[in-house]
Amino acid sequence: MDETYDPARIERDAQQYWEANNSFHATEDPDREKFYCLSMFPYPSGNLHMGHVRNYTIGDVIARYQRMLGKNVMQPMGWDAFGLPAENAAIERHAAPAPWTYQNIAHMRDQFKRLGFAFDWTREIATCRSEYYRWEQWLFTRLHKKGLVYRKTAVVNWDPVDQTVLANEQVIDGKGWRSGAVVEHREIPQWFLRITDYADELLDGLKQLELAWPDAVRAMQRNWIGRSEGVEIVFRDIDAGSDLKVYTTRADTLMGATYAAVAAEHPIAAEAAKTNQALAEFITQCKHGGMAEAELATMEKKGMPTGTHVRHPLTDEPLPVWVANYVLMGYGEGAVMAVPAHDERDFEFAHHHRLPIRQVLENTAVLTSELRKQHPRSAFETCYFDETEWQDWYASKSPDEVQVVNSGRYSGMTPQQAVDAIAGDLAAKGLGSKRVHYRLRDWGVSRQRYWGCPIPMILCETCGPVPVPEQDLPVILPEEVVLEGPGSPLATLPAFYQATCPGCGADARRETDTFDTFFESSWYYARFTCPDQDQAMLDERAHYWLPVDQYIGGIEHAILHLLYARFFHRLMRDEGLVQGDEPFARLLTQGMVLKDGAKMSKSKGNTVDTQDMLDRYGADTVRLFVMSDAPPDQTIEWMDTGVEGAHRFLKRLWRQLFTHLAKGDAGAVDHAALTRDQKTFRRLLHETIAKVTDDFGRRMTMNTALAAIRELLNAAQRFEDERRQGQAVMRETLEAVVLMLTPVVPHFAHAAWIALGHEHPVIDAQWPVVDESALVREEIELVVQVNGKLRGRIAIAADADREAIEAAALSDAAVERFLEQKPVRKIIIVPGKLVNLVV
């Protein structure tokens, strides 16, 4: 063993050994317990950042730990390779996205290997490869035949610069997240998957994950699915036009509706705009900006009257219909019954446009008869100006304490009683009924981009949309395409879009939209189980490996990626491709890496060069630091001093090993020959093994495990016992420390294990086992108090009886001074902890 710690050589040697021996290649073994560990695969941007390093280190530590427990571990890696960033980079370079992507993959693969991650590279996949995406095309055609796929015109966020559809999350302050262009609302044909058919199942499935997924993630998914029970209400059109349907969870407030509001894309709005130029211009304005609910909550509420009216379904009162920018066509029916006294958005709108505000839920804390007399016109507005107070009052009441008011025969009812009564009356009139509603909408998978998986459909004027026959799959994306600007070149390539209809044989046009990249990331975890299968999407190996036992990734993927993956798993289950309902048994959402209190980014100038850190300190130092500072699910602050501290720790441990080995082999521990001090130190060792095992396994708090190892090594430095048994205990300690550090600093452990004289490499070693006999204490220390104040400590046999404990306490010299020869009136003993002498 060299005296100096040389991470460059140590890490190179370990990695060469692993590669030469295929150390991380996983095969199915029905006689062993499997463990599938997976971190969310990265987009091949070209360079790993510290967020990547932390995420994949967490996964690697878990995988290596489980391997040391004797499990058959698989940890694969691949690339989420399609997407808009590659297109933008290609436009900047006047090149094709494919070479740029493959170059980045090669570079990032090398960085992963440099960090020593235990990935099975024989399972590597890239979603931009046709051998991967052909099978999602195949599944899409199967789903189309089952009626789970459809095409319709829908309102979307359109980025006029990037020439593509954006998800709501990609619209920030009404602008495209990458281009910064003002987003438009456009109606264009889109392909959809019927995820709403699985809404209840996706919701119920969250119960299975209660103890294995973070509460925050499950809550976000529940809210996104948004199941609610309400009433669909029909408002008849006075002007003999289209009836207006709305859905509400608060039918008890129906008598407080004073107007109706519709989205800019609603048919009533479109019809009214034909003869109203000002309204038409307003509707055009509404079609710019985002459609996210958070954005709508803060934007100025604008609107214009359509000039049409609908009848209140219970009173026949005419209600004006307005076009409002806070109503979205994609939510509910694209229309709301406005109850401004009890809805914040409605109130803001009504107050601005001087529309009536009618209270229908009692609020004695705000609205008083005196206020009615003083402000007859604005009394109900006064009620709403204290909305926070009203909500606090309302929330403090049980459901049967709140009453409906100003609502005719429904006055005096509780809200739920009013809902039931109103729903019944509406049903009797044919103007409404109870129904279950979901916030979740079908998944729009179309993207007007080039660098994505082609949607395998042919558009025929006679037959309509027709799936590409299975024998003609995959539909290959041409890679030798140079991008000169935004927009998909597929629509301008006759060789791609010209097709023959499989149904009637007529000339037809191939779909030029590509899949949303969430499509690829929704099933990659399953393809990892059998990436070399070229005759089917999956095979029986998926039954062995799935579900993923531990999934690791950022909480920013809590909704869309994880929800779509859960949905996709069910689609594959129903095709007989996988078993079980859930793809990920256990989920860990790692925290971010901050620097100077902010998330690392080039714009903030606070990034850390991963390659520079590896060159200066080595991979093990970086791995050790990112695992030491905080639990995996919490953020860490990058500190150069912290990295230097991790490096010093490894150098100090290396010297400790070198010094010990220079003394020669002391042989095995003779338990019967151990002194009291040797037993005490050995007990600390096995207490540490127990704690670290619990921290790595059940608690997943590797930072506290590493802190415990550091404390053990500090105690080892103080344990100056040069006798043979003392050195034997030290050898046992250092070997256990190397094993416990193996998941975190595998290169260091590889070299240290060899130096400790082991024939087999540490990668094949087992996790250290707690010697329960070492935990037995022959002596215990008790605190001695006099009248409740600490006055001394005594060492006593662990099995000492009460008389022996009392005698030891009373005879302790330090304690005797505080008794002052006073008689002891009472002795209180708390077993294993303290003795209190009352004088």
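Scoring rules and cut-offs
Chains are numbered independently. Their residues run from 1 in the order of the written sequence. Thresholds applied to this predicted model are a pLDDT of at least 70 for local features of residues and 80 or more for the giving and counting of side-chain atom pairs; totals over whole chains, interfaces and linings are not thresholded and use all residues. Water and hydrogen atoms play no part in the side-chain values, which are based on all heavy atoms of the structure. The pairing criterion for strands is at least two bridges between them, as found by DSSP. Put simply, DSSP marks the helices as runs of H or I at least four residues long and the strands as runs of E at least two long, and each gets a number from the N terminus on. A fitted line through C-alpha atoms serves as each axis, taken over the contacting stretch for helices, and the angle formed by two N-to-C directions is quoted from 0 to 180°. Pairing of aromatic rings covers Phe, Tyr and Trp, the last counted by its six-membered ring, and requires centre-to-centre distances within 6.5 Å; plane angles under 30 degrees mean stacked, over 60 mean edge-to-face, and any other angle means tilted. The cut-offs for exposure are 20% and 50% of the maximum accessible area for each residue type, with area from a 1.4 Å probe on protein chains only; residues under the lower value are buried, those over the upper are exposed, and the others partly exposed. Contact criterion: two residues are considered in contact whenever any of their non-hydrogen atoms come within 4.5 Å of each other. A pair of cysteine sulfur atoms is labelled a disulfide when the two atoms are within 2.5 Å. The directions considered for the arc run from the helix axis to the C-beta atoms. What qualifies as a polar contact is a pair of N or O atoms within 3.5 Å, subject to a donor-acceptor requirement within protein and to the restriction that residues adjacent in sequence count only when both atoms come from side chains. Nine residue types can take part in a nonpolar core, namely buried Ala, Val, Leu, Ile, Met, Phe, Trp, Tyr and Cys, and a core is a set of them joined through side-chain atoms within 4.5 Å.

Visitor: Before we go on, may I ask you to explain the sheet that holds strand E32 (residues 834–838) in this structure?
Guide: Reading across from one edge, E30-E29-E32-E31 is the order of the 4 strands in this open sheet, with mixed pairing throughout. The two strands at the open ends of the sheet, each matched to only one other strand, are strand E30 (789–797) and strand E31 (826–830). Across this sheet, the average inter-strand angle for adjacent strands is 20°, counted without regard to direction. Where E31 meets E32, 5 bridges bridge the pair, whose relative direction is antiparallel. For Val-830, the partnering residue across the bridge sits in E32 and is Leu-834.

Visitor: Sorry if this is basic, but what is going on with the packing of aromatic side chains here?
Guide: The geometry of two aromatic rings is summed up by the distance between their centres and the angle between their planes. Applying the stated criterion to the full structure yields 43 aromatic pairs. Centre to centre, the rings of Phe-696 and Trp-767 are 5.6 Å apart; their planes meet at 40°, and the pair counts as tilted. You can see Phe-696 sitting in helix H24 (residues 676–699) and its partner Trp-767 sitting in the loop between helix H27 (746–755) and helix H28 (772–775), a full 71 residues away along the chain. The pair Phe-696 / Trp-767 is uniform in exposure class, with both members buried. A connected cluster of aromatic rings, assembled from ring pairs, spans Phe-140, Trp-191, Tyr-198, Trp-443, Phe-515, Phe-518, Phe-519, Tyr-564, Phe-567 and Phe-568.

Visitor: Please explain the environment of Ile-805 as it appears in this structure.
Guide: Turning to its location among the elements, Ile-805 is positioned in helix H29 (residues 802–811). Classification of Ile-805 by relative accessible area gives buried; the value is 11%. Along the primary structure Ile-805 and Leu-834 are separated by 29 residues, whereas in three dimensions their C-alpha atoms are 9.9 Å apart. Those residues in contact with Ile-805, other than ones at most four positions away along the chain, are Leu-782, Ile-794, Ile-796, Ala-800, Ile-829 and Val-835.

Visitor: Sorry, what's going on with the state of the cysteines here?
Guide: Simply put, disulfide is the name for a covalent bond between the sulfur atoms of two cysteines. In total, this model carries 0 disulfides according to the counting rule given. Sulfur of Cys-37: no disulfide; nearest cysteine sulfur belongs to Cys-530 and is 19 Å away. With relative accessibility at 0%, the residue Cys-37 sits in the buried group. The thiol of Cys-501 is unpaired, and the distance to the nearest cysteine sulfur, on Cys-460, comes to 3.6 Å. Its relative accessible area of 3% is what places Cys-501 among the buried residues.

Visitor: Quick question: what am I supposed to make of helix H11 (residues 344–353) here?
Guide: Two residues of an α-helix separated by three or four positions point the same way, owing to the 3.6 residues in each turn. By the burial criterion, the buried members of H11 are Asp-346, Phe-347, Phe-349 and Ala-350. Axial view of H11: buried residues confined to an arc of 165°, hence all on one face. Of the exposed residues in H11, those oriented more than 90 degrees away from the buried face are Glu-344 and His-352. Where H11 starts, the residue carrying a side-chain oxygen 3.1 Å from the main-chain nitrogen of Arg-345 turns out to be Asp-343. One or two residues past the end of H11 sits Arg-354, with phi positive at roughly 60°.

Visitor: Help me understand the nonpolar core, please; the structure alone is not making it clear to me.
Guide: As a rule of thumb, nonpolar side chains are buried together in soluble globular proteins. Within the largest apolar cluster, 179 residues are counted, with the highest numbers of intra-cluster contacts made by Phe-140, Met-537, Met-572 and Trp-638. If we skip the residues at most four places from it in the chain, Trp-638 touches Met-50, Val-593, Leu-594, Lys-595, Met-600, Val-608, Met-613, Phe-625, Val-626 and Val-643. With 40 residues, the next largest nonpolar core counts Val-262, Met-337, Tyr-410 and Ile-422 among its residues.

Visitor: Sorry if this is basic, but what is going on with the environment of Val-608 here?
Guide: Residue placement: Val-608 occurs in the loop between strand E27 (598–599) and helix H21 (610–617). Along the backbone, Val-608 and Asp-640 are 32 residues apart, and their C-alpha atoms lie at a distance of 9.7 Å. With residues near it in sequence (within four places) discarded, Val-608 still touches Met-50, Lys-595, Met-600, Met-613 and Trp-638.

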